[in-house]
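# Architecture at a glance
These are the residues of each chain, in order.
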Amino acid sequence: MALHLVYGGTFDPIHFGHLAIACAARDALDCTVRLMPAGDPPHRAPPGADGATRAAMVALAIEGVQGLVLDHRELERQGRSYTVDTLAELRDELGPSKPLAWLVGADSLLGLPGWHRWRDLFALAHLVVAERPGSALDAQLLAGLADALQDRWTRQAADLQSQPAGRVLRLHQPLSHVSATAVRARLAAGASTADCLPPRVAAFIHEKGLYGAAARAPL
Ligand SMILES: Nc1ncnc2c1ncn2[C@@H]1O[C@H](COP(=O)(O)OP(=O)(O)OP(=O)(O)O)[C@@H](O)[C@H]1O
Ligand SMILES: O=C(O)c1ccc[n+]([C@@H]2O[C@H](COP(=O)([O-])O)[C@@H](O)[C@H]2O)c1
């Protein structure tokens with residue numbers, strides 16, 4: 001049964017780090033990756049760009065990229081975009097046996113104990129965790145999190161296809177140091193973003209003057 005894989009993020013803006021892990025997950029798990037911008041992301045300051053604008057940038061970034069699609073689900077829902085609510089909605093729609101997974105970066109996994117009803121997530125979906133510089137999974141695992149994850153780790157992509165939920169797969173992909181925070185800072189400073197943003201996204205940002213960017217990108 002094909003895995004339903006969702007990649008949730010603020011995407012403020014989407015950058016090469018996001019695209020790299022989405023493509024790595026697509027290839028490792030042989031499935032479509034659904035990039036889902038959070039409407040009102042929990043546990044962080046409000047995004048610099050509104051939901052429709054962040055979704056437009058995701059659409060530009062994935063145009064022509066095989067196996068990546070934009071999913072508007074959380075933008076269409078009112079209130080905080082809690083992942084547990086999104087996964088419960090999807091589980092209702094997919095039924096009890098179809099495999100469902102949520103893709104996160106390692107820093108997000110380490111923050112999981114702060115998420116709304118986080119222990120309920122494992123009954124709804126698998127987690128796919130992408131390594132991220134500065135977020136060492138082995139050393140930093142919080143005590144409560146390590147217990148919750150202990151019997152769930154797998155190295156086998158097939159385990160995510162054969163079970164509906166509850167496993168945690170570590171995605172090994174080339175590490176990317178890009179962050180949206182750094183991208184926003186570069187845009188505001190008038191510095192080049194050529195090594196962290198797809199050209200179409202950069203052009204859109206400059207055209208709209210987002211994040212304090214000048215009308216023209218630096219040469
Ligand atoms: N370079 C990266 N490597 C691995 N995972 C990443 C990377 N960038 C983002 N992610 C993951 O993608 C998801 C969405 O990230 P998000 O949109 O918050 O981007 P960000 O770069 O972390 O943004 P910000 O700097 O604004 O916090 C999160 O789970 C995050 O851990
Ligand atoms: O449900 C929660 O409590 C929760 C807390 C923090 C983050 N999330 C989700 O995790 C994804 C990555 O979050 P962020 O803030 O790193 O973009 C995004 O889809 C968020 O909605 C979800």
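This text goes with the structure placed above it.
Read on for a plain summary of the structure. (Residues numbered from 1 in each chain as written. Chains lettered and ligands numbered in written order. Predicted model: local features only at pLDDT ≥ 70, side-chain atom pairs only at ≥ 80, totals over all residues.)

### Focus on the site of ligand 1
Convention followed: Contact assignment follows one rule, namely that a residue is near a molecule or strand if its backbone-placed C-beta atom lies within 6 Å of it. Strands here are runs of E lasting at least two residues and helices are runs of H or I lasting at least four, both read from the DSSP assignment and numbered beginning at the N terminus.
Inspection of the region around ligand 1 gives 18 residues, with G9, G17, G105, A180 and T181 positioned closest. At the level of secondary structure, the elements contributing two or more residues to the shell around ligand 1 comprise α1 (16–29), β4 (100–105), α4 (106–110) and α9 (180–189). Looking at which element gives the most residues to the shell around ligand 1, the answer is α1, with three residues.

### Examining the site of ligand 2
Counted only if it meets this: Amino acid classes used here: Ala, Val, Leu, Ile, Met, Phe, Trp, Tyr, Cys and Pro are nonpolar; Asp, Glu, Lys and Arg are charged; the rest, including Gly, are polar.
Neighbouring ligand 2 are 15 residues, the closest being G8, T10, A38, W115 and H116. Those elements that provide at least two residues to the shell around ligand 2 are β1 (4–9) and α3 (83–94). In terms of residue class, the shell around ligand 2 is built from six nonpolar, eight polar and one charged.

### Observations regarding the packing of helix α2 (residues 51–62) against helix α10 (residues 199–208)
Our working rule: Lines fitted to C-alpha atoms define the axes here, with helix axes fitted over just the stretch in contact, and angles between the N-to-C directions of these axes take values from 0 to 180 degrees. Angles are sorted into four bins: roughly parallel if under 35 degrees, roughly antiparallel if over 145, roughly perpendicular if 65 to 115, and oblique for all others. Remark: residues whose backbone-derived C-beta atoms lie within 7 Å of one another are considered to be in contact.
Closest axis-to-axis distance for the α2/α10 pair is 8 Å, and the angle between their directions is 150 degrees. Comparing their axes, α10 and α2 come out roughly antiparallel. Between α2, through A56, M57, L60 and A61, and α10, the contact on the second element is made entirely by R200, V201 and F204. Split into classes, the residues belonging to the contact of α2 with α10 amount to six nonpolar, no polar and one charged.

### Section: unusual backbone geometry
Comment: phi is negative for the bulk of residues other than glycine, and the bulk of peptide bonds are trans. In this structure, the amide linkage connecting D12 to the following residue, P13, adopts the cis form with an omega of 5 degrees. Here P13 is to be found in the loop between β1 and α1. Backbone geometry places R117, a non-glycine residue, at a positive phi of 50 degrees. The residue R117 is located in the loop between α4 and α5 (121–124) in this model.

### Focus: the pairing of strand β7 (residues 168–171)
The test is simple: A pair of strands is considered paired only if DSSP assigns at least 2 bridges between the two. We call a crossover right-handed when, viewed with both strands directed away from the observer, the connection leading from the first strand over the helix to the second proceeds clockwise.
Pairing of strand β5 (residues 126–130) with β7, which is carried by four bridges, proceeds in the parallel orientation. Following the sheet pairing, A130 is matched in β7 by L171. Read as a crossover between parallel neighbours, the route from strand β6 (residues 153–154) over helix α8 (residues 157–162) to β7 is right-handed.

### So, α2
Stated precisely, the cut-off is as follows: Helix span, expected: 1.5 Å multiplied by one less than the number of residues in the helix. Here exposure depends only on C-beta density: within 10 Å of a residue's C-beta, 20 or more other C-beta atoms make it buried, 12 or fewer make it exposed, and intermediate numbers make it partly exposed, the C-beta atoms being placed from the backbone. The arc under discussion is defined with respect to the helix axis, by the directions toward the C-beta atoms.
Between the first and last C-alpha of α2 there are 17 Å, a value that for 12 residues agrees with the 16 Å anticipated at 1.5 Å per step. Along α2, the residues classified as buried are G51, R54, A55, M57, V58, A61 and I62. Seen from one end, α2 has its buried residues packed into an arc of 160 degrees, which puts them on one side. Immediately beyond the C-terminal end of α2, within one or two residues, lies G64, with a positive phi of roughly 80 degrees.

### A short note on the pairing of β5
With five of its five residues buried, β5 lies for the most part within the structure. Residues H126, V128 and A130 point to one face of β5 and L127 and V129 to the other, with burial holding for every one of them. Looking at chain direction, β4 and β5 are connected through five bridges and run parallel. Within β5, the residue paired with W102 across the bridge is L127.

### Some words on the environment of V58
Mapped onto the secondary structure, V58 falls in helix α2. Classification of V58 by C-beta neighbours within 10 Å gives buried; the count is 27. In contact with V58, not counting residues within four places along its chain, are F11, I14, L35, P37 and L70.

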